[in-house]
Amino acid sequence: MLRSLLVLFLFSLYFCIPCFALHSEGVSYTYKIGSLDFISIKVLDTNMGKSILLNPGAEVVKRLMPDNQNPSSINVFVVKTGSKIVLIDTGVADGGDLIKNLAEAGITPDKVNIVLITHMHGDHIGGLLDINRHKVFKNADVYVARPEIDYWAGNIVNNANSGLARDIQSVYGNRFKTFVWGEYIIPEIKAVKIQGHTPGHTAFEISSGNDKILVIGDMIHSLKVQIADPSIAVTFDVDPFQAVSARKRLFKEVAKDKTRIAGMHIPFPGVGIITENLDGGFFFNPLLK
């Protein structure tokens, strides 16, 4: 009987461990991408429940989130090239620990040369301004995809998020820059189109030699559910159909190529490898090296 229970336990571990991210102790974690340092920084632990899903009653949601628990994070990532320090996203305006946790990794705001923004939702751009609406990263150029700033700072949307986007563009002035998909911001970082979650949603491919990692922005909000079924959209998606299409395409590509991915809402440190299973779903295998 004891042996049977042990076999059942090991069997369950085999099938369940890849589905969930590994929470690492601490607030920063460093990976090597070729000659580059790639640093995951925790801004905030979160738990986004079923209410963020467009179809919270779906069978996969009932099966994987029966207790409405969805452990997640707000993460940002740093790339150190040797000559530049690049920050990808900046987290929330308050309630987060961006500056403190960057300091834990030996980085102060004045040392950041470039800030890349995956998209302009408040939990990704809030850290660009302090409580007085002044620059936080005084020596950095801020890069956003052109369709993203056109959407949020134009006349299409009129809400607090649009106001924040306009403030950031104004405050950073000539240090606020745009890019097009496929462009290399610097030789080691390429902008990749994943629009749908927002009109300018962008992934960043960081590469050095034969090694690379893809920062996927908000392709994943609910790790357990969206890995098992990428067709599950969230209420934050501007275009859910397009967002789902982008997620399915991206998951297949990174699974085929075994490319490491890093996500802003995957539980810290937010880095892992996606593999495809036989029924069309996927597994997430967290990595700490």
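What counts, and where the lines are drawn
Residues numbered from 1 in each chain as written. Predicted model: local features only at pLDDT ≥ 70, side-chain atom pairs only at ≥ 80, totals over all residues. Heavy atoms only, no water. Pairing = 2+ DSSP bridges. Helix = DSSP H or I, 4+ residues; strand = E, 2+ residues; numbered from the N terminus. Axes fitted to C-alpha atoms, helices over the stretch in contact; angles between N-to-C directions. Contact = heavy atoms within 4.5 Å. pLDDT = per-residue confidence, 0-100. Buried < 20%, exposed > 50% of the residue type's maximum accessible area, 1.4 Å probe, protein only. Core = buried A, V, L, I, M, F, W, Y, C linked by side-chain atoms within 4.5 Å.

As a further point, take the sheet that holds strand β12 (residues 260-262). Judged by pairing direction, the sheet is mixed, and its seven strands sit side by side in the order β8-β9-β10-β11-β12-β13-β14 without closing on themselves. Looking at the sheet topology across the chains shown, the edges are occupied by β8 (184-186) and β14 (282-286). Across the sheet, the mean angle separating the axes of adjacent strands is 35° when strand polarity is ignored. Strands β9 (189-193), β11 (211-215), β12, β13 (271-276) and β14 of the sheet are contacted by helix α8 (residues 240-257), whose axis makes an angle of about 95° with β13.

So, on to the confidence of the model for the protein. Across the protein, the average pLDDT comes to 90, with 90% of residues at or above 70. In the predicted structure, residues 1-23 sits below a pLDDT of 50 and forms 29 contacts with residues beyond four places in sequence or in another chain.

Here seven strands make up an open sheet; going across it, the order is β1-β2-β3-β4-β5-β6-β7 and the pairing mixed. Looking at strand neighbours, the two that pair on one side only are β1 (28-33) and β7 (176-179), the edges of this open sheet. Each strand of the sheet is rotated relative to its neighbour by a mean of 25°, with strand direction disregarded. Note that strand β6 (residues 141-145) and β7 share four bridges and pair parallel. Of the residues in β7, the one forming a bridge with A145 is F179.

The subject of this paragraph is the pairing of strand β10 (residues 202-208). In terms of residue burial, β10 counts as a mostly covered element, since six of its seven residues are buried. Both β9 and β10 contribute to a ladder of five bridges, which runs antiparallel. In the strand pairing of β10, K190 is matched with E205. Relative to β11, β10 is paired through five bridges, and the arrangement is antiparallel. Residue pairing in the sheet places F204 in a bridge with V215 of β11.

The next subject is the nonpolar core. V115, M120, L128, F137 and Y172 are the most contacted members of the largest nonpolar core, which totals 33 residues. Going through the elements one at a time, β2 (36-47), β3 (71-80), β4 (85-88), α3 (98-104), β6, α5 (146-153) and α6 (160-172) are the ones with two or more residues in this core. Not counting residues within four places of it along the chain, the set of residues in contact with F137 comprises L87, T90, L98, L102, P109, V112, V115, G127, L128 and Y172. Core analysis: the next-biggest nonpolar cluster, separate from the first, contains 24 residues, F38, I114, A191 and F204 among them.

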